[in-house]
Every structure is written in structure tokens, then in C-alpha cells.
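Tertiary structure, described
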Amino acid sequence: MARVDRLKTVFVDEIPEILEDGILYVSEECRVALHNCACGCGEEVSTPLVRTEYRLSMEGDAASIWPSIGNHDFACASHYVIKQGKILWAGRMSRGAIEAGRERDRRLKRPPAPKPAPIGMPKPNFVPPAGTGLVRRALNWIIAICRKLIGRE
């Protein structure tokens with residue numbers, strides 16, 4: 001396997017078992033883009049196309065993916081950006097920078113903490129709206145049937 005400088009974008013319904021070098025497979029249904037590492041090491045790179053992971057944009061038939069692809073856990077430790085199908089190599093990141101980025105990613109994925117009620121304000125009590133529950137609907141249905149049987153409708 002050889003290092004590649006470009007990735008051809010191919011949209012697929014099903015992800016192939018074996019990925020070809022130089023091809024970026026995009027599954028809109030699975031919301032993922034896959035390719036073999038651009039360095040040629042043969043590792044499969046998966047980029048989830050969700051708000052808290054990666055963004056894919058198309059310019060003509062060439063894809064761009066942001067943020068950068070950081071294969072820090074692969075033996076190659078390659079790091080690059082895919083811009084309009086071209087591989088733009090980035091420098092290696094320090095372990096501290098990698099961990100800081102991962103922590104930032106974890107924070108983005110965490111649901112926001114509930115805001116505490118202001119001091120001195122009572123906590124609101126949740127009261128379900130009247131007549132929307134299953135029992136109320138069933139009772140209304142029985143009443144409607146009884147009215148039909150008695151001839152009041």
C-alpha cells in the first residue's frame with residue numbers, strides 16, 4: 001500500500017468489506033465516511049458524520065472533512081486534513097495536545113448540566129395536563145360508546 005495525495009469520493013448504500021486505497025466511501029444512511037489511512041499503512045479510518053464528530057462538505061465531486069483526521073492510536077500516527085479530495089498533511093501532535101483535544105470532544109458530547117434554580121425560588125412542581133392520560137382517553141371512549149348506545153348522539 002502506498003501513500004496517497006487524493007481521495008476520490010464515492011457515495012455508497014452499503015460499505016464494502018474491503019476498502020480500496022485512494023477512495024473515500026461515504027454512507028449518508030450510516031452517517032459515516034470511511035477510507036484507508038492516507039499514509040498507506042492499511043489501517044481503516046472511520047469518520048462519523050455527526051455534529052459532535054466530523055463535518056463533510058462537497059465542492060463539486062470532491063469532499064472535504066473537518067476537523068483533521070488524527071490517527072494518533074495507529075502505529076503511523078498520521079495526521080491530515082481532507083480538503084476538496086486532497087490530503088493536506090499536518091504535523092504530529094504532542095500527547096498533551098491529543099489529550100486536550102479528546103477532553104474537548106468529550107465535553108462536546110456530554111449533555112449540558114441542568115441549571116440550578118435561583119436561590120429563594122421554589123422548585124416548580126410538574127403537573128400533567130388534565131385529560132391527556134390513557135385513563136382519561138379510555139373513559140372518554142367508554143362515555144362516547146354509551147352515548148351512542150343510549151341514542152344521545
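Summary of the structure given here.

What counts, and at which threshold
Residues numbered from 1 in each chain as written. Predicted model: local features only at pLDDT ≥ 70, side-chain atom pairs only at ≥ 80, totals over all residues. Heavy atoms only, no water. Pairing = 2+ DSSP bridges. Helix = DSSP H or I, 4+ residues; strand = E, 2+ residues; numbered from the N terminus. Axes fitted to C-alpha atoms, helices over the stretch in contact; angles between N-to-C directions. Salt bridge = Lys/Arg side-chain N within 4 Å of Asp/Glu carboxyl O. Buried < 20%, exposed > 50% of the residue type's maximum accessible area, 1.4 Å probe, protein only. Core = buried A, V, L, I, M, F, W, Y, C linked by side-chain atoms within 4.5 Å. Contact = heavy atoms within 4.5 Å.

Looking at the sheet that holds strand S3 (residues 32-36)
- Taken together, the 4 strands give an open sheet; going across it, the order is S1-S2-S3-S4, and neighbouring strands pair in mixed fashion. Two strands close off the open sheet at either side, each with one partner strand: strand S1 (8-11) and strand S4 (44-48). Between one strand axis and the next, the sheet turns by 20° as a mean value, whatever way the strands run.
- As paired strands, S3 and S4 are joined by 5 bridges and run antiparallel to one another. Bridge pairing links Ala33 to Thr47 in S4.

Digging into the pattern of salt bridges
- Applying the stated rule across the entire model yields 1 salt bridge.
- A salt bridge links Glu99 to Arg95; its shortest N-O distance comes to 3.3 Å. Remark: Arg95 and Glu99 occur in helix H1 (residues 95-109); sequence separation between them is 4 residues, near one turn of the helix.
- The class for Glu99 is partly exposed, based on a relative accessible area of 33%.
- Classification of Arg95 by relative accessible area gives partly exposed; the value is 45%.

Side note on the nonpolar core
- Of all hydrophobic cores here, the largest spans 17 residues; its most connected members are Leu24, Ile65, Ile69, Tyr80 and Ile82.
- Within the residue set of this core, elements represented by two or more residues are strand S2 (23-27), strand S6 (62-70) and strand S7 (79-83).
- Counting residues per element, this core draws most heavily on S6, at 3 residues.
- With residues up to four places along the chain from it excluded, the contact list for Ile65 reads Leu24, Ala33, Thr47, Tyr54, Arg55, Leu56, Val81 and Ile82.
- Val12, Ile23, Tyr25 and Leu34 belong to the second largest nonpolar core, which has 6 residues in total.

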